[in-house]
Amino acid sequence: MARTIIVSLYDYSTLSLAPHIIAQAMGGEVMEFSIFQDTAEGIAEKLNETDAEMIGFSVYIWNFGLVKQIIPLLKNKKTIVGGPHVKELEHHYKGAHMIIPGDVKVNPLNYTTIDLGKYEWVPFETSKGCPMACGYCTWSSLAARKMDLFDVEDYVLEQLDLILSSPIKWLYLCDSSILFNRARGKAILRHCNKYKKPIRFEFATGQLDDELVSILLDMPQSEFNFGIQSTNPVALKAIGRGFQPAAFEREYNALCGHHNITMDVIYGLPEDNFEGY
């Protein structure tokens, strides 16, 4: 069987989920590179030195430009590009032998096979999908809106124990939001807090109740992200999303003195303008 390499292209300090999930499910070796430190020429040289016949790239908005530069530099290699942003960027990859748009439907990652000591940041999914159906989002398709909640006892807590007992510095819970099921989310967050390591996760305004605020305030200084996107009612209506100013103010004020708070805001949504923004 031809040797396959799955390229991880983000940052050396951060585990990239997709390449490891694909390699674990379908076979192949992961080679890691950094968009911050490596060049297209340097990456291509290292890939050309291998005996791999097939090179796969997991493409996102942050690495698509580098992947586009790497592919023409590869010699005697078949190339595959895939990922959630490939469909929109397909015209950049005419030199690829195969383009696979969207997510690959495979089992969640088993972290027992990962050398966690290499990383500062480790992402972890407790679920796939998002029910919110925002018009601009790669999760807005009918298939992506179906939530797949991974088993808490047999997978989530067991894997979290492995990750959080390792030397990593940060855990990134990269669900669309861990709080769509609040009881489940609270149980997971309480479990994480046993290890007293900082975590990052994202949620929509209005998802925090008093009990959740109390759980978060008991954690070491962490980073929480509000997915706001816009406060313009016309733009929000156009993309099928809401915003609760009073809830945002309450939740932000409750957390900001103890944790790092970030916000996602997009300018240039349909019906957006300078005045509304």
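Calculation criteria
Residues numbered from 1 in each chain as written. Predicted model: local features only at pLDDT ≥ 70, side-chain atom pairs only at ≥ 80, totals over all residues. Heavy atoms only, no water. Helix = DSSP H or I, 4+ residues; strand = E, 2+ residues; numbered from the N terminus. Contact = heavy atoms within 4.5 Å. Polar contact = N/O pair within 3.5 Å; in protein donor to acceptor, adjacent residues only side chain to side chain. Pairing = 2+ DSSP bridges. Axes fitted to C-alpha atoms, helices over the stretch in contact; angles between N-to-C directions. Salt bridge = Lys/Arg side-chain N within 4 Å of Asp/Glu carboxyl O. Buried < 20%, exposed > 50% of the residue type's maximum accessible area, 1.4 Å probe, protein only. Core = buried A, V, L, I, M, F, W, Y, C linked by side-chain atoms within 4.5 Å.

Peer 1: Report on the environment of Ser-8, specifying residues and quantitative values.
Peer 2: When you line up the elements, Ser-8 lands in strand β1 (residues 4-10). Sequence separation between Ser-8 and Pro-19 is 11 residues, and the spatial gap between their C-alpha atoms is 5.7 Å. Apart from the residues within four sequence positions on either side, Ser-8 is in contact with Ser-16, Pro-19, Val-30, Met-31, Glu-32 and Phe-33. In terms of polar contacts, Ser-8 uses its side chain to reach the side chain of Ser-16, at 3.2 Å.

Peer 1: Explain the sheet that holds strand β11 (residues 223-229) to me, and be specific about the residues and the numbers.
Peer 2: Pairing in this open sheet of five strands is parallel, and the strands run β6-β9-β10-β11-β12 from one edge to the other. Two strands lie at the open edges of the sheet, namely β6 (121-124) and β12 (260-265), each paired on one side alone. Averaged over neighbouring strand pairs, the angle between their axes works out to 20° when direction is ignored. Sheet analysis places β11 next to β12, joined by six bridges and oriented parallel. For Gly-227, the partnering residue across the bridge sits in β12 and is Asp-264.

Peer 1: Before we move on, could you go through the pattern of salt bridges and cite the residues and values that matter?
Peer 2: One pass over the full model with this rule turns up 13 salt bridges. The partner of Asp-51 in a salt bridge is Arg-3, and the shortest N-O contact between them spans 2.6 Å. With Asp-51 in the loop between α2 (40-48) and β3 (54-58) and Arg-3 in the segment before β1, this pair connects stretches of sequence that are 48 residues apart. Overall, the relative accessible area of 56% leaves Asp-51 in the exposed class. For Arg-3, a relative accessible area of 29% corresponds to the partly exposed category. A salt bridge links Glu-211 to Lys-186, with the nearest nitrogen and oxygen atoms 2.7 Å apart. Separated by 25 residues along the polypeptide, Glu-211 in helix α6 (residues 210-217) and Lys-186 in helix α5 (residues 182-193) bring together distant segments of the chain. Assessed through its relative accessible area of 37%, Glu-211 is described here as partly exposed. Assessed through its relative accessible area of 10%, Lys-186 is described here as buried. A cluster of three or more residues bridged by salt bridges with shared partners is formed by Arg-182, Lys-186, Arg-190, Asp-209 and Glu-211.

Peer 1: Account for the sheet that holds β3, with residues named and values stated.
Peer 2: Strand order across the open sheet formed by five strands is β2-β1-β3-β4-β5, with parallel pairing between neighbours. What marks the edges here is a single partner per strand, and that holds for β2 (29-34) and β5 (98-101). Strand-to-strand twist in this sheet, taken as the mean axis angle between neighbours without regard to direction, amounts to 20°. Of the strand pairs in this sheet, β3 and strand β4 (residues 78-83) are connected by five bridges, and their pairing is parallel. Counterpart to Ile-55 in the pairing with β4 is Thr-79. Helix α1 (residues 17-26) contacts β1, β2 and β3 of the sheet and is inclined by roughly 165° relative to β1. In the packing of α2 onto the sheet, the strands contacted are β1, β2 and β3, and the crossing angle to β2 comes to about 160°.

Peer 1: Give a detailed account of the nonpolar core, specifying residues and quantitative values.
Peer 2: Counting 41 residues, the largest nonpolar core has Tyr-111, Leu-160, Leu-171, Leu-189 and Phe-201 as its most contacted members. In terms of nonpolar packing, the next biggest core, distinct from the first, is built from 22 residues, Val-7, Ile-43, Ile-70 and Leu-74 among them.

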